[in-house]
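# Examining the three-dimensional arrangement
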Amino acid sequence: MSSFPESVEICEVGPRDGLQNEDPIAVEQRVQLIDALSATGLRQIEAVSFVSPTAIPPMAGAEEVMARITRVPGVTYRALVPNERGAERAIAAAADELEVVVSASETHNRRNVRRSVDESIDGAKVLAGMAHDAGLPVDGIVSTAFGCPYEGDVEVAAVAAVAARLLEGGADSVSFGDTTGMATPRRVDALLDELDRIGVPSACVGLHFHNTRGTGLANVLMGLTRGVRRFDASIGGLGGCPYAPGATGNVVTEDLVHMLEDMEIATGIDLDALIECAHLAQHLVGRDLPGQVMRSGPRTRRGEAT
Ligand code: COA
Ligand code: ZN
């Protein structure tokens, strides 16, 4: 049996990555979801992004969301920022941590933020400086880290090189985003090998999987065997608008916590409270979400004998 970490950190990304891919819901409902998540024992919540409301309408009103949530001590409320204006807004709104994103593939980066990868890496350095001046940490996210929907496979060396440059530019940690669910355990293993080779320790690595092709938890398991201790997930599997063909949410938070806790890997999260949040998320977006434990209940649940 492999040795797994004793505990892991889960970052709940439903309020940002999830909701950004759903029809917009009201600020008040976003606040309700974040507050409910804050009461589960989660310590990291990606609450909003400070992006153009024209580009991403569901993230409009990020200031209002941040002003109205009830902050729970010990919970880090993270915000994604695409540019200096975003960083200024996030700092003014008292976000606890900033996230900067650079795609590993040129085409995806241009489509997402209209810049080349090099320009984005330079920009990330400026944003990291702004965050540090405000006393905030920065996570550098490498998206399309396991494949690009436009360019196909992305070489692990290219992905790792972007991460190394983000760390050199001031990022305090790096995360790898499987933007469109192209990762499989073999590819996770290969990327972690490459990161080892260039000296990026697993301790500062986070993994962000989408369950587009059903490999999400398998990918997490591979990360765990390699000593990764930071994973993103979204409540109920929020994300992936039903009108966008093929779009799917992240690894499901409550399914992940359910699996980890039975593996005796501590998350610090109350599974029942999380399942309540998944039902709330489903109610707020008005459609069935793909989470499975929210439907079946935990494995310890006893049914009627038949
Ligand atoms: N917050 C709010 N508005 C912003 C903004 C920010 N951080 N950055 C730019 N804008 C607005 C500008 O005011 C401008 O608005 P206008 O058209 O009403 O005048 C518009 O966005 C375009 O601004 P510009 O400076 O020309 O930016 P750009 O076109 O070079 O870049 C991005 C646009 C990157 C800011 C925009 O596409 C964006 O926010 N993308 C978000 C991508 C994202 O979140 N992807 C998912 C996460 S990985
Ligand atoms: Zn994502």
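Keep in mind it's a predicted model, so treat the numbers as computed, not measured. (Residues numbered from 1 in each chain as written. Chains lettered and ligands numbered in written order. Predicted model: local features only at pLDDT ≥ 70, side-chain atom pairs only at ≥ 80, totals over all residues. Heavy atoms only, no water.)

### Topic: the environment of Arg-302
- By the secondary structure assignment, Arg-302 is in the segment after helix H12 (293–296).
- Relative accessible area serves as the criterion here: at 70%, Arg-302 is assigned to the exposed category. (Helix = DSSP H or I, 4+ residues; strand = E, 2+ residues; numbered from the N terminus. Buried < 20%, exposed > 50% of the residue type's maximum accessible area, 1.4 Å probe, protein only.)

### Some details on the coordination of the zinc ion (ligand 2)
- Those protein atoms acting as donors to the zinc ion (ligand 2) are Asp-17 (OD), His-208 (NE2) and His-210 (NE2), and they sit at 1.9 to 2.1 Å.
- Read from N- to C-terminus, the donor residues coordinating the zinc ion (ligand 2) fall into the pattern D-x190-H-x1-H. Placement of Asp-17 in helix H1 (residues 14–18) and of His-208 in strand S7 (residues 205–209) is noted, with a sequence separation of 191 residues between them.
- With a relative accessible area of 6%, Asp-17 lands in the buried category.
- Given the relative accessible area of 9%, His-208 is considered buried. (Donors = N, O, S within 2.8 Å, 3.2 Å for Na, K, Ca; no water.)

### Points about the site of ligand 1
- Around ligand 1 sit 16 residues, and of these Asn-83, Arg-85, Arg-89, Asn-112 and Arg-114 come closest.
- Gly-86 is positioned with one of its backbone polar atoms (N or O) 3.3 Å from a nitrogen atom of ligand 1.
- Compared with its free state, where it exposes 920 Å², ligand 1 has 63% of that area covered by protein.
- Of all the elements in the fold, those that place two or more residues in the shell around ligand 1 are helix H4 (84–92) and helix H5 (106–113).
- Per-element tally for the shell around ligand 1: the top contributor is H4, with three residues.
- When grouped by side-chain class, the residues that make up the shell around ligand 1 number seven nonpolar, five polar and four charged. (Near = heavy atom within 4 Å. Polar contact = N/O pair within 3.5 Å; in protein donor to acceptor, adjacent residues only side chain to side chain. Areas by Shrake-Rupley, 256 points an atom, 1.4 Å probe, with all protein chains shown as cover. Nonpolar A, V, L, I, M, F, W, Y, C, P; charged D, E, K, R; others polar.)

### What to know about the sheet that holds strand S4 (residues 97–103)
- Read once around its circumference, the closed barrel built from eight strands follows the order S1-S2-S3-S4-S5-S6-S7-S8, with strand pairing classed as parallel. Averaged over neighbouring strand pairs, the angle between their axes works out to 25 degrees when direction is ignored.
- Bridging between strand S2 (residues 44–49) and strand S3 (residues 76–80) involves five bridges; their strand directions are parallel. Bridge pairing in S3 places Ile-45 opposite Tyr-77. (Pairing = 2+ DSSP bridges. Axes fitted to C-alpha atoms, helices over the stretch in contact; angles between N-to-C directions.)

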